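Next come the chains, spelled out residue by residue.
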Amino acid sequence: MSFSSIVILTGAGISAESGVDTFRDKGGIWSKVDLRDVATPEGFARDPERVHAFYNERRSGLSSVEPNAAHRALAQLEAEFAGDVLVVTQNIDNLHERGGSKRLIHMHGELTKIFCTKCGTRREEHGDLTTFDCCPQCGAMGTLRPDVVWFGEMPYQMDEISEALQQCDLFVSIGTSGNVYPAAGFVEEAHQAGAHTVELNLEASEHHTRFAEVRRGRATELVPAFVEELLGR
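Residues numbered from 1 in each chain as written. Predicted model: local features only at pLDDT ≥ 70, side-chain atom pairs only at ≥ 80, totals over all residues. Heavy atoms only, no water.

- An unreviewed UniProt entry annotates the protein chain as NAD-dependent protein deacylase originating from Tianweitania sediminis.
- Its UniProt record gives the protein chain a comment under Subcellular location (unreviewed entry), which states: "Cytoplasm".
- Comment text from UniProt for the protein chain, heading Function (unreviewed entry), reads "NAD-dependent lysine deacetylase and desuccinylase that specifically removes acetyl and succinyl groups on target proteins. Modulates the activities of several proteins which are inactive in their acylated form." (UniProt positions renumbered as here; feature names shortened; annotations may be inferred.)

Looking at the UniProt feature "active site" (unreviewed entry) in the protein chain
In step 1: The UniProt record annotates "active site" (unreviewed entry) at His 108.
In step 2: On the secondary structure map, His 108 appears in the loop between β3 (104-106) and β4 (109-116).
In step 3: The residues contacting His 108, other than those within four sequence positions of it, are Thr 89, Gln 90, Ile 92, Val 148, Val 149, Pro 155 and Val 180. (Helix = DSSP H or I, 4+ residues; strand = E, 2+ residues; numbered from the N terminus. Contact = heavy atoms within 4.5 Å.)

A look at empty space enclosed by the protein
In step 1: One pass over the structure, following the stated rule, counts two cavities of 30 Å³ or more.
In step 2: Within this model, the largest cavity holds a volume of roughly 80 Å³.
In step 3: Around the largest cavity sit 13 residues that line it, and Ser 173, Gly 178, Ala 183, Ala 184 and Phe 211 are the ones nearest its centre.
In step 4: Secondary structure elements with two or more residues in the lining of the largest cavity: β7 (170-174) and α8 (186-192).
In step 5: Taken together, the residues that form the lining of the largest cavity break down as seven nonpolar, five polar and one charged.
In step 6: Here the lining of the second largest cavity takes four residues from helix α9 (residues 219-230), the largest share from any one element.
In step 7: Looking at the lining of the second largest cavity residue by residue, the class counts come to 10 nonpolar, no polar and no charged. (1 Å grid on protein atoms, 1.4 Å probe; cavity = no way out; pocket = protein on both sides within 12 Å on 5 of 7 lines; lining within 4 Å. Points joined across faces, edges and corners; volume = space filled by probe spheres on them. Nonpolar A, V, L, I, M, F, W, Y, C, P; charged D, E, K, R; others polar.)

Things to note about the sheet that holds strand β5 (residues 122-124)
In step 1: Spatially, three strands are ordered β5-β4-β6 in an open sheet, and the strand pairing comes out antiparallel. Among the strands making up the open sheet, the edge pair consists of β5 and β6 (144-148). With strand direction ignored, the average angle separating the axes of adjacent strands in the sheet is 40 degrees.
In step 2: Bridge analysis of β4 against β5 gives three bridges, and the strand direction is antiparallel. Considered in β5, the bridge of Lys 113 is made with Glu 124.
In step 3: Running at roughly 50 degrees to β6, helix α4 (residues 48-61) makes contact with β4 and β6 of the sheet. (Pairing = 2+ DSSP bridges. Axes fitted to C-alpha atoms, helices over the stretch in contact; angles between N-to-C directions.)

Describing the pairing of β6
In step 1: With five of its five residues buried, β6 lies for the most part within the structure.
In step 2: Taken together, the four bridges between β4 and β6 define a ladder with antiparallel strand orientation. Each residue of the ladder has a partner; that of Gly 109, found in β6, is Val 148. (Buried < 20%, exposed > 50% of the residue type's maximum accessible area, 1.4 Å probe, protein only.)

Remarks on helix α7 (residues 158-167)
In step 1: For α7, every residue scored as buried is listed here: Met 158, Ile 161, Ala 164 and Leu 165. Seen along its axis, α7 keeps its buried residues to an arc of 125 degrees; they face one direction. Structural note: α7 exposes Asp 159 and Gln 167 on the side pointing more than 90 degrees away from its buried face. (Arc of directions from axis to C-beta.)

Some thoughts on the sheet that holds strand β9 (residues 213-216)
In step 1: Ordered by their spatial adjacency, six strands build an open sheet running β3-β2-β1-β7-β8-β9, and the pairing between neighbours is parallel. The outermost strands of the open sheet, each flanked by one partner alone, are β3 and β9. Going across the sheet, the axis of each strand differs from the next one's by a mean of 15 degrees, ignoring polarity.
In step 2: Pairing of β7 with strand β8 (residues 196-201) involves five bridges; the strand directions are parallel.

Dropping the structure here:
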């Protein structure tokens, strides 16, 4: 089969092989920390210092992990594929960028960005954030928060994602559990648009039966091999 437009959804499984802690797996972050305390607007309003400490730790941990073969393979696909390639990631780490991906949507936000709840200004941030920091744009103190989509908030760039799903002829899901919406519904949206759908995952996702093709294994092995196929090698 030949394709002209590819949309790739990535989840925690692709970064787990780089050593990034997962959230939902057994022993993952949500088994140790109540998500209501650190991943909701209400939790931030209740205890912003705790939320900042949680994300400061996640942010500092990025310096100890590196992009893996799966990240690099997707960047290679984007660079060498004759058609369009869009990576939509649920991950808030920066491993796709560091692996070389250029056309990328972080639908759940980014650890390395913050924004002001008062004026809406967004900026890069690789250090720690505190309640005493002031917004460089409006000067307000205590209004800066991680630019991460929390539970109850709308994921980013959904219109752009939906448009890409309507136009793609290949949809690939990599390393995602398939139990978080709206991302879990992307396969159905792509299928209805006539796209071929492929799941590359270590274990069966919650919606694996909706995919036309399923491959099991480690992302660092499956993704480079799949990319080689797509590039005709």
